[in-house]
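Here is how the chains run, residue by residue.
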Amino acid sequence: MNGILMYLPHLAALLCCLSVYAACAQTGAAAMHRCTQDGKISYTDQPCPQGAQTTTLAVPPAPPANPASAADLARQAALADQLRQQREKRAAREEREEQRASHAARQYREKCARLQRAQRWAAEDASHAPVAQREAAQLKANRAAQTLAQECAR
């Protein structure tokens, strides 16, 4: 007798689970009620209150599970994962290309700023140079302007 009492809580839990399962199974096939009261329509799984116009709607049972759909779902999940990985790789590649382009543009701007500065300084030197050195300074300023125009053509 003591052995049976030891399993009683387990049997009670099993019985409870089975009753909940049976109730859920019945709920899926239960009828729905369309209640019309004072011009308002509501849907419920409970009978309509008194004074309401009732229309009972039959709910068809759920179709049985298709074994091919589980395989199709797994195939689609694998495809979605593959597409996600491709998208992440493409985004990483585009990010690297954008960083390279940004770096190159920054280097170009810095180079042009250096050349502009050198051209401006050469022009200032030419304007303040003594008469004997003015021709050489002017030549240097012209070359700096040509280098700027050639390297940083706009």
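Residues numbered from 1 in each chain as written. Predicted model: local features only at pLDDT ≥ 70, side-chain atom pairs only at ≥ 80, totals over all residues. Heavy atoms only, no water.

**Examining the overall build of the chain**
A tally of regular secondary structure across the chain gives three helices and three strands. N-terminal to C-terminal, the α/β element order of the chain is α-β-β-β-α-α. Within the chain, the proportion of its 154 residues that are buried is 9%. Of all intrachain contacts in the chain linking residues separated by at least 6 positions in sequence, the fraction that spans at least 24 positions is 33%. (Helix = DSSP H or I, 4+ residues; strand = E, 2+ residues; numbered from the N terminus. Buried < 20%, exposed > 50% of the residue type's maximum accessible area, 1.4 Å probe, protein only. Contact = heavy atoms within 4.5 Å.)

**Observations regarding unusual backbone geometry**
With a phi close to 55 degrees, Asp38 is a non-glycine residue in the positive phi region. The residue Asp38 is located in the loop between strand E1 (32-37) and strand E2 (40-44) in this model. Classification of Asp38 by relative accessible area gives exposed; the value is 75%.

**Here we look at the sheet that holds E1**
Spatial ordering of the open sheet is given by E2-E1-E3, a layout of three strands whose pairing is antiparallel. Pairing within the sheet leaves two strands with one partner each, and these edge strands are E2 and strand E3 (53-57). In this sheet, neighbouring strand axes are inclined to one another by 20 degrees on average, regardless of whether the strands run parallel or antiparallel. In this structure, E1 lies alongside E3, joined through five bridges in antiparallel fashion. (Pairing = 2+ DSSP bridges. Axes fitted to C-alpha atoms, helices over the stretch in contact; angles between N-to-C directions.)

**Description of a negative patch on the surface**
A cluster of acidic side chains, namely Glu94, Glu95, Glu97 and Glu98, defines a negative patch on the protein surface. Following the sequence through the fold, Glu97 ends up in helix H2 (residues 67-128). (Patch = residues over 30% accessible without salt bridge, like charges linked within 9 Å, V, L, I, M, F, W, Y side chains within 5 Å. Areas by Shrake-Rupley, 256 points an atom, 1.4 Å probe, with all protein chains shown as cover. Salt bridge = Lys/Arg side-chain N within 4 Å of Asp/Glu carboxyl O. Lys, Arg positive; Asp, Glu negative; His and termini not counted. Charge placed at Lys NZ, Arg CZ, Asp CG, Glu CD.)

**A few points about the nonpolar core**
Counting residues in hydrophobic clusters, the biggest one holds six residues: Ala122, Ala126, Ala129, Ala137, Ala141 and Ala144. At the level of elements, H2 and helix H3 (131-151) are the ones that each hand at least two residues to this core. Looking at this core element by element, the count peaks at three residues for H3. Residues in contact with Ala137, not counting those within four places in the same chain, are Ala122, Asp125, Ala126 and Ala129. (Core = buried A, V, L, I, M, F, W, Y, C linked by side-chain atoms within 4.5 Å.)

**A few points about H3**
In this model H3 runs 30 Å from its N-terminal to its C-terminal C-alpha over 21 residues, within 8% of the 30 Å that 1.5 Å per residue would give. What H3 keeps buried is the set Ala137, Ala141, Ala144 and Leu148. Against the buried residues of H3 lie H2. (Expected span 1.5 Å × (residues − 1).)

**Examining the side chain of His33**
Mapped onto the secondary structure, His33 falls in strand E1. Those residues in contact with His33 that sit more than four places away from it in its chain are Ser42, Tyr43, Thr44, Asp45, Gln46, Pro47, Cys48, Thr54, Thr55 and Thr56.

**Here's the deal with the state of the cysteines**
Applying the stated criterion across every chain yields a total of two disulfides. Linked covalently through their sulfurs, Cys35 and Cys48 form a disulfide whose S-S length is 1.8 Å. Every disulfide takes its handedness from the sign of the S-S torsion; for Cys35 and Cys48 that torsion is -90 degrees, giving left-handed. On the criterion of sequence distance, the pair formed by Cys35 in strand E1 and Cys48 in the loop between E2 and E3 is long-range, its members being 13 residues apart. Cys35 gets classed as buried once you look at its relative accessible area, which sits at 4%. Judged by relative accessible area, which is 16%, Cys48 ranks as buried. (Disulfide = S-S within 2.5 Å.)

**Some details on a nonpolar patch on the surface**
There is a patch of nonpolar side chains on the surface, built from Ile41, Tyr43 and Leu57 and spanning about 290 Å² of accessible area. Take Tyr43: its relative accessible area is 51%, and that puts it in the exposed class.

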